[in-house]
Amino acid sequence: MKDETPKDCHYAPSCAAFCQGDPWSSVANSWGIALLLSADGLILRSSIGFCRTLDITEAQCTGRPLAAFQDRFAVANWETAVANATGDGTCVQDLAIMDKAGRSRLLSLVLSLSGPFRDMPETFFAVAIPRGETCSEVNRIAQSAYTDALTGLFNRRYLEDCFDQFSGPATEAGERFSLFVIDVNDFKSVNDQLGHAAGDAVLREIGSAISRVLPLGSTAVRYGGDEFVAIVPDVPGQDSASLQGEIQSECGRSILIGNATLDMTVSIGKSVFPKHGTTLSELVDTADMRMYQDKRTRRNGGSALPREAARHRNWARYFRTAFSETDLLPHFQPIVDLSNGQTVGAESLCRVSMGQNVILPSEFIPAAEATNAISKVDLAMLTQTARMIAGSRPWFRERLQWSVNMSAQTLGLDNLADRLTAILHRFGLQAEDFCIELTESVELWDQTKALANLGRLRQAGFHLALDDFGTGFSSLSLVKDLPITKIKIDRSFVNGLDKCPRSRAVVQSIAALTQTLGITCVAEGVETRDQVAALRRFGIAQGQGFYWARPGAFQTLSHQESRIA
C-alpha cells in the first residue's frame, strides 16, 4: 500500500476543518473512529464512535494496546506504519473491524504524525474511513445524524444517544461533571420584530459564543429552539460561577443583524452529575428549573431590542472603559432591633452617581455581571463604604454592624478574605463590624473555592448573612453547609403577613429555626406597624424597611439613628 493520504482526506495532514482549539475535544465526540496512539500502539484516547462500535467505554481501552482488541479488529503491519509515518508524513494501513453486532467492515486507517497533534512527540492520530470513500464524504454522512444544521453544534439526538459516554466513565472514575442549560432571553422578540432569518443568525452567534468559552473537553449541544446544553468536566481549580459569567459575557457581545445591533443575554441553570441525578432527564430537569429561576429574577436583565438594548450596551461600554470607584455612591438603610427600636446596623446599597442623577442597581448590575465587572463593583463598594464610615464614627452613639453585598463571581476570587481585610485596615476598621450578604443563588454553593472563601471570611471575623432567604431551591441545605451568622427573610413573606396564613407560617418556622441554631434573624421589607407587631410576636430579632427609613445618603443615617432611638 502506498504511503499517501486518500484523495480529499481532510483528517490527517491538516485536520483544520475537524479540529479547532483543543484538537482532541473536537475529535473525541466524533461519530467516526478516531484514536490517539503511542508509538508502540497503546491507545491514549478514543472517540465516541470507536467506543460505540466496540460497545466499550473509553476508560476500558485507554492505556491498552491495539492487540488487546484483536478479536474485534486488526491492523496490518503496525510497525511498518509507525516507521513510515515520520515528520509530516502520513501512512495508510488496512483496518478490519467487527462491530458489536458481529458485522465486519474493512476500513482504511489513516495514521499521521502531523496535524493538530504534531506537538505531542511519539503520538499518532488515527482515523478510520471506509475504503474507497473520501474523508470529506465520511465526515458529512457520519456527522449529519448528530449535528444541528443551523449552528454546527451537536443536536439533541446526539446528547440522548451518547449520554452514557459521559456518565459511564464519570461513574467508573468517581468523578463529577456539570450540565448547563442556556436559554436565550427575549428571543421571541427578535423573531417577531426582525424576522426568522435574524433569529437564525442570533442562534448561530450564541452557539459560537458558547463554544468559544467552554473549557477543554466540554461539549456544546443545541438542545432545541433557543435552548443550548453544555456538558463540562469537573476540573480542579475551575469555578463554574466564573464560567457562567464568562458564558453570559461572551453571549452578551453585540450582534450586527443588517442595520440593527442587538445585545443579547442568556439565562443559565446548572446541575451536577451525580449530585442532582444520574440520567440525562434528571440533570436537564434540575438545570432547567434553575435556568427559569435565573430568568425570573432577571439577573441578566433587559430586552435585546431598541431602547433596552441601547441602555444595556451603554452600561456595558461604561464598565469596560470608564468605570471608576468614585462613581459609586453607597446609600444606607438602617437595621433595627425589634425589641427596643434601636439602630444596630445598616446595609450599604449600591448606587451610581452621574452628575445630578443617582442610578439604581437594576439599571446597571446586569451589565456589570455580563461584562465580568461585578467583582470590581463589589470591591469598590466596600472601599467607598469603609471610607464613609471611617470619617464619621463619632456621629454614632453605639457600635453598628455594616452590611455589604457580594456576588457569586466575587466569592470565587483568590485570596478574597485577605483582600477585604486589607481594604478595611486602610481605614482603621475591623472585619468584626462588617457583614457580607450572600444572595441565595443555587449556582454557587457547590463550588469549592467559594465555600473555602466563606470559611476564611468567617475566620477573619466577618459575619455572613444569607439574603432573600426562602426564595431559592436549596435554603435549608445552605443553612446547614454555610458558616452563616444571620438570615434575612425575603420581603415577599413579610408583605404577606397580614393576609396570607402560609406566609405567617413560613416566617414563624424561620424564626424557630434561627433561634434553635443561634442565628440572628432579620425581616426585610417591613412597612407597617402591624408587621412590626407580628414579627415581635414570632421572635424575629431585627427588621429593615420603609417603616423606619428608606435608603439614603450616608449623611442622613445619623439623623435616622437618633430619630429611631
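Each residue is numbered by its place in its chain's sequence as written, counting from 1. Totals for whole chains, interfaces and linings use every residue, but because this is a predicted model, local features are given only for residues with pLDDT of at least 70 and side-chain atom pairs only at 80 or more, for both listing and counting. Each side-chain value is derived from all of the structure's non-hydrogen atoms; neither hydrogens nor water enter the calculation.

Engineer: How should I be thinking about the overall build of the protein in this particular structure?
Structural biologist: Helical segments are the DSSP runs of H or I of at least four residues, strand segments are the runs of E of at least two, and each set is numbered from the N terminus. A tally of helices and strands in the protein yields 22 helices and 23 strands. Residue contacts follow a heavy-atom distance rule, with two residues in contact if any of their heavy atoms lie within 4.5 Å. Summarising the internal contacts of the protein: among those between residues at least 6 apart in sequence, 64% fall at separations of at least 24. Where accessible areas are quoted, they stem from the Shrake-Rupley method and a 1.4 Å probe; at the residue level, only the protein chains shown are allowed to cover. Roughly 24,800 Å² of accessible area belongs to the protein as shown, and the carbon and sulfur atoms make up 49% of that amount.

Engineer: Where do I start with the packing of helix α16 (residues 416–426) against helix α17 (residues 448–460) in this structure?
Structural biologist: Packed helix pairs are specified by the crossing angle of their axes together with the interaxial distance, meaning the distance between the axes. Only the contacting stretch of a helix is used when fitting its axis, a line to C-alpha atoms as for every element, and angles between N-to-C directions run 0 to 180 degrees. For the pair α16 and α17, the least separation of the axes is 8 Å and the interaxial angle reads 35 degrees. Taken together, the residues of α17 that come into contact with α16 (itself represented by L416, A417, L420 and T421) are N453, R456, L457 and A460.

Engineer: Just to check I follow, could you spell out the environment of Q401 for this structure?
Structural biologist: With respect to the helices and strands, Q401 occurs in strand β18 (residues 401–406). Residue burial is assigned from relative accessible area. The probe radius is 1.4 Å, only protein chains are included, and a residue is buried under 20% of its type maximum, exposed over 50%, and partly exposed in between. For Q401, a relative accessible area of 18% gives the class buried. In sequence terms Q401 and V344 are 57 residues apart; their C-alpha atoms lie 6.5 Å from each other. In this structure Q401 touches V344, G345, A346, D433, F434, C435, H463 and K486, once residues within four positions along its chain are discounted. A polar side-chain atom of Q401 sits 3.5 Å from a polar atom in the side chain of H463. Two N or O atoms form a polar contact when they lie within 3.5 Å of each other; inside protein one atom must be a possible hydrogen donor and the other a possible acceptor, and for residues adjacent in sequence the pair counts only when both atoms belong to side chains.

Engineer: I keep staring at helix α21 (residues 529–538) and nothing clicks. Help me out?
Structural biologist: An α-helical segment advances 3.6 residues per turn. Residues three or four places apart therefore align on the same side. Taken together, the buried positions of α21 are occupied by Q531, V532, A534, L535 and F538. The buried residues of α21 occupy one face: seen down the axis, they fall within an arc of 165 degrees. Of the residues in α21, the exposed ones pointing more than 90 degrees away from the buried face are R529, D530 and R537. Where α21 ends, the next residue or the one after it, G539, has phi of about 90 degrees, a positive value. As used here, the arc is the angular range of directions from the helix axis to the C-beta atoms.

Engineer: What should I look at first to understand the packing of aromatic side chains in this one?
Structural biologist: Centre distance and the angle of the planes are the two values used to describe a pair of aromatic rings. Two rings belonging to Phe, Tyr or Trp (six-membered ring only in the last case) form a pair when the distance between their centres is within 6.5 Å. Interplanar angles under 30 degrees mark stacking, angles over 60 mark edge-to-face geometry, and anything in between is tilted. For the structure on display, the rule yields eleven aromatic pairs. Ring geometry for F319 versus F323: centroids 5.6 Å apart, planes at 40 degrees, classification tilted. Take F319: its relative accessible area is 3%, and that puts it in the buried class. Aromatic side chains Y547 and W548 sit 5.2 Å apart centroid to centroid with 85 degrees between the ring planes, which places their arrangement in the edge-to-face category. Residue classification places Y547 among the partly exposed residues on the basis of a relative accessible area of 29%. Residue W548 is classed as buried on the basis of its relative accessible area, which comes to 10%. Ring pairing ties together the aromatic residues Y318, F319, F323 and F364, which thus form one cluster. Here the basic side chain of R550 rests over the ring of F546, its NZ or CZ set 4.1 Å away from the ring centre. Here, over-ring charges are defined by two tests on the NZ atom of lysine or the CZ atom of arginine: distance to the ring centre within 6 Å, and angle to the ring normal within 35 degrees.

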